[in-house]
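# Structural characterization, general
This is what each chain is made of:
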Amino acid sequence: MGIAFLNGSFLPIEQAKISPMDRGFLFGDGIYEVVPSYQGKMVGFKPHMERMKHGLSAIGIPLDWSQQQWPDLCHRLIEENGSGNLGLYLHISRGTDSSRSHGFPKAVDPTVFAYAFEIAPPPIADKAMAKPYSVSTARDMRWERRHIKSTALLGNVLHFQYGLERGHGETLLYNADNELTEASACNVFVVKNGTVLTPPLDHQKLPGITRFMLLDMLRKDGRIPVEERAITMDEVAGADEVWITSSSKEIVPVTEVDGVPVGNGQVGDIWLAAQTLYSANKFNY
Ligand code: PLP
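Residues numbered from 1 in each chain as written. Predicted model: local features only at pLDDT ≥ 70, side-chain atom pairs only at ≥ 80, totals over all residues. Heavy atoms only, no water.

A count of helices and strands for the chain gives seven helices and 15 strands. In summary, the chain has a C-alpha radius of gyration of 19 Å against a globular reference of 19 Å for 285 residues, a match within 12%. Overall size of the chain, expressed as C-alpha extent along the three principal axes, is 55 × 40 × 35 Å. Buried positions account for 49% of the 285 residues belonging to the chain. For the chain, the share of sequence-separated contacts (at least 6 apart) that also reach a separation of at least 24 residues comes to 71%. Carbon and sulfur atoms make up 54% of the accessible area of the chain, which amounts to about 13600 Å² in all. Charged side chains in the chain number 27 positive and 33 negative. The centres of these two groups are separated by 3 Å. (Helix = DSSP H or I, 4+ residues; strand = E, 2+ residues; numbered from the N terminus. Rg over C-alpha atoms; globule rule 2.2 N^0.38 Å. Buried < 20%, exposed > 50% of the residue type's maximum accessible area, 1.4 Å probe, protein only. Contact = heavy atoms within 4.5 Å. Areas by Shrake-Rupley, 256 points an atom, 1.4 Å probe, with all protein chains shown as cover. Lys, Arg positive; Asp, Glu negative; His and termini not counted. Charge placed at Lys NZ, Arg CZ, Asp CG, Glu CD.)

Written out as structure tokens, the structure reads:
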């Protein structure tokens, strides 16, 4: 068990306690981030902080932390938790109120909680070492503000469980127009005829930091064409490659969708090129 942070104190996680009147507990009224850290080096810290600030402002949580408090907190968590391969979980809820009222309470302090958990070593850009996923698909039944990294994750949990119960590691989600949105805890990329495609950002999906960094790297590198555009589920079914991305997984090849092989059913060449680029550049953000 590791050392966590709760409202100003570092303490063993089993001693960290919040009130059942915390609005994060009662309403899922909060936002969170997961920042990966490998041997003490964080990936994408700056964009993670920017997304967190947008999230706080989108749901109107006033948090008067200085610029330096978040990096200080993260470095201390790394120090306290052994600096291996860690996911740093950062969570801010609206705070603890005396009554369970939907309206925002006045003059309560946000609850800030953080802890570190072990994550798998980053993928090695090698087809033989890749750990491909098989996935389910389902109609996206979540709320209309999926661009906010809300702690209210019941929709995501149910979608993830749906895939799990079918022996799959993720569930790809599509909207009423049969267009791919994202997965329950990942963004999704598709490769067709050598072009990397991913759906454009809007309220239907989280602006993933891995997605952002990967697109940026691919564009700067320039060797593989990239397009952000709507992708139908028929295109997913006819794709040469499918990948899912998240901070703790980086780029994961998907070789089977709903029991049907993707392309030739093997980990693809473009995945290899993308993961090679990501591995080489991920500490630059
Ligand atoms: N989409 C959803 C719904 C997620 O929960 C996550 C990560 O947890 C992602 C996408 C990927 O985001 P990131 O790359 O910032 O980890």
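Don't stop here, the text continues.
A few words now on the site of the ligand. Residues in contact with the ligand amount to 18 residues; listed here are only the nearest, Arg51, Glu182, Ile209, Thr210 and Ser247. With respect to the ligand, the side chain of Thr210 contributes an N or O atom lying 2.6 Å from an oxygen atom. Separating an oxygen atom of the ligand from a side-chain N or O atom of Ser247 is a distance of 2.8 Å. In the complex, 91% of the free accessible area of the ligand, which totals 390 Å², lies under the protein chains. (Near = heavy atom within 4 Å. Polar contact = N/O pair within 3.5 Å; in protein donor to acceptor, adjacent residues only side chain to side chain.)

The calculated volume of the largest pocket comes to roughly 1200 Å³. Along its surface, the largest pocket is lined by 50 residues, and Ala185, Cys186, Ser246, Ser248 and Lys249 are the ones closest to its centre. For the lining of the largest pocket, the secondary structure elements donating two or more residues are β3 (30-38), β6 (111-118), α4 (154-164), β9 (180-183), α5 (209-221), β13 (241-246) and β14 (250-257). Here the element with the most residues in the lining of the largest pocket is α4; it accounts for five residues. Partitioned by chemical class, the residues of the lining of the largest pocket number 30 nonpolar, 12 polar and eight charged. (1 Å grid on protein atoms, 1.4 Å probe; cavity = no way out; pocket = protein on both sides within 12 Å on 5 of 7 lines; lining within 4 Å. Points joined across faces, edges and corners; volume = space filled by probe spheres on them. Nonpolar A, V, L, I, M, F, W, Y, C, P; charged D, E, K, R; others polar.)

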